[in-house]
Amino acid sequence: MTMSMARLAVTTAVTAVFAATSTPGAGAAVRPPEPRAPREFVSLRSVDPTIIQEMRYVSAHNFIGERIDGYRQPVCILTRPAAEALHRAQTRLQPQGYSLKVYDCYRPQRAVDHFVRWARDLTDERRKAEFYPRVDKSRLFDDGYIAEKSGHSRGSTMDLTIVPLPAVPAPAPRPGQESVPCYAPQAERYPDNSVDMGTGFDCFDTLSHTDDPRVRGAQRAHRQLLKTTLAAEGFVNLPEEWWHFTYKPEPFPDTYFDFPVARRSVAGQHRP
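**Student:** Report on empty space enclosed by the protein, specifying residues and quantitative values.
**Tutor:** Scanning the model with the defined rule gives 1 cavity of 30 Å³ or more in all. Every residue lining the largest cavity is counted, 18 residues in all, and those nearest its centre are R189, Y190, D192, G200 and F201. In the lining of the largest cavity, the residues fall into 9 nonpolar, 5 polar and 4 charged.

**Student:** Before we move on, could you go through the environment of T161 and cite the residues and values that matter?
**Tutor:** Relative to the assigned elements, T161 resides in strand β5 (residues 157-164). Between the alpha carbons of T161 and W243 there is a distance of 6.1 Å; along the sequence they are 82 residues apart. Among all residues touching T161, those that are not within four sequence positions of it are S99, L100, K101, Y103, S194, M197, L226 and W242.

**Student:** I'd like to hear about the layout of surface pockets, residue by residue, with values.
**Tutor:** If you add up the space inside the largest pocket, you get close to 430 Å³. Together, 24 residues line the largest pocket, and G144, Y145, I146, L238 and E241 are the ones closest to its centre. Partitioned by chemical class, the residues of the lining of the largest pocket number 10 nonpolar, 7 polar and 7 charged.

**Student:** Describe the sheet that holds strand β6 (residues 235-237), and please don't skip the residues or the numbers.
**Tutor:** Here we have 5 strands laid out as an open sheet, ordered β2-β4-β5-β7-β6, and mixed in their pairing. Edge positions in the sheet fall to β2 (52-53) and β6, since each has one partner strand and no second. Pairing geometry for β5 and strand β7 (residues 244-247), over 3 bridges, is antiparallel. Within β7, the residue paired with D159 across the bridge is H244. Against the sheet, helix α3 (residues 80-93) contacts β4 (98-104), β5, β6 and β7, and its axis sits at roughly 145° relative to β4. Across the sheet, helix α6 (residues 217-231) is in contact with β4, β5, β6 and β7; its angle to β5 comes to roughly 125°.

**Student:** Go over α6 with me, naming the residues and quoting the values.
**Tutor:** The terminal C-alpha atoms of α6, which comprises 15 residues, lie 21 Å apart, in line with the 21 Å expected from a rise of 1.5 Å per residue. For α6, the set of buried residues is H222, R223, L225, L226, T229 and L230. Buried residues of α6, seen end-on, are gathered within an arc of 155° and therefore sit on one face of the element. Elements in contact with the buried residues of α6: α3, β4, β5, β6 and β7.

**Student:** So what about the pattern of salt bridges? Which residues, and what values?
**Tutor:** Applying the stated rule across the entire model yields 25 salt bridges. Linking R126 and D124 is a salt bridge whose minimum nitrogen-to-oxygen distance equals 2.9 Å. On the basis of relative accessible area, R126 is assigned to the partly exposed category, the value being 46%. Its relative accessible area of 14% is what places D124 among the buried residues. Taking the shortest distance from any N to any O, the salt bridge between R189 and D196 comes out at 3.2 Å. Here the salt bridges do not stand alone but share partners, grouping E34, R72, R110 and D258 into one network.

**Student:** An account of the packing of α3 against α6 is requested, with residue identities and associated values reported.
**Tutor:** Taken N-terminus to C-terminus, the directions of α3 and α6 make an angle of 130°; their axes are 9 Å apart at the nearest point. The orientation of α3 relative to α6 falls into the category oblique. Considering only the axes of α3 and α6, their crossing is right-handed. The segment α3 lies against α6, with L86, A89, R92 and L93 engaging L225, T229 and L230. Split by residue class, the contact of α3 with α6 holds 5 nonpolar, 1 polar and 1 charged.

Quick notes on the rules
Residues numbered from 1 in each chain as written. Predicted model: local features only at pLDDT ≥ 70, side-chain atom pairs only at ≥ 80, totals over all residues. Heavy atoms only, no water. 1 Å grid on protein atoms, 1.4 Å probe; cavity = no way out; pocket = protein on both sides within 12 Å on 5 of 7 lines; lining within 4 Å. Points joined across faces, edges and corners; volume = space filled by probe spheres on them. Nonpolar A, V, L, I, M, F, W, Y, C, P; charged D, E, K, R; others polar. Helix = DSSP H or I, 4+ residues; strand = E, 2+ residues; numbered from the N terminus. Contact = heavy atoms within 4.5 Å. Pairing = 2+ DSSP bridges. Axes fitted to C-alpha atoms, helices over the stretch in contact; angles between N-to-C directions. Expected span 1.5 Å × (residues − 1). Buried < 20%, exposed > 50% of the residue type's maximum accessible area, 1.4 Å probe, protein only. Arc of directions from axis to C-beta. Salt bridge = Lys/Arg side-chain N within 4 Å of Asp/Glu carboxyl O. Parallel < 35°, antiparallel > 145°, perpendicular 65-115°, else oblique. Left-handed = near helix turned anticlockwise from the far one by under 90°.

Shown next, in the form of structure tokens:
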């Protein structure tokens, strides 16, 4: 082998090694690192591990029918003041024989974008029978059920309910229950281990309005218990949704975050 051929062979080998170690694969794009939550955010479990968590958008049991973008793990993330206030509300409820249960907490903007794309696709009505049987999907924006921005993305809003203690797991759904309207009697609709609030969570119906006069008796009492308990700790209810509360004042009233719902987003950010 001539000297020039030897140099060419060495150069080719070095180039090949550099290419193999500097690119993840042929045609693969290098992903930028995922954003993390600001230090003001914490996992609710690090503040109060007794609050029950049933994070609906990690599962397919929601009004779209699939896991929602940005939900990597079933973890409730909130701003620290909101989490601390929930802890105080929990200590009010526990002596009365109840526990809070959260369905959703911080929601990344990419999840809100997922909701918007779905709402614009009028052909996708997989979960209409359960979640919005009396609402035409073309009206979801006009009626306020879907919006391009959500207070959840600011980190101090959560969706929650009350569970009687000792808490027992919800029974397995029976065949066909996913087609039962969310405002049907509690024994008929999709099962949940919470008290009867008159509708299920995320029920797109006027019966979900917190003070709807048609909701009476124990159902109304349960809604008022949730509302008054949380109001005492600084939470404001959205009148159209009995489950929706925002802690005031919000640490980030004008910022909509997009870090994923995952433990690593708040790793190391524990209660002081």
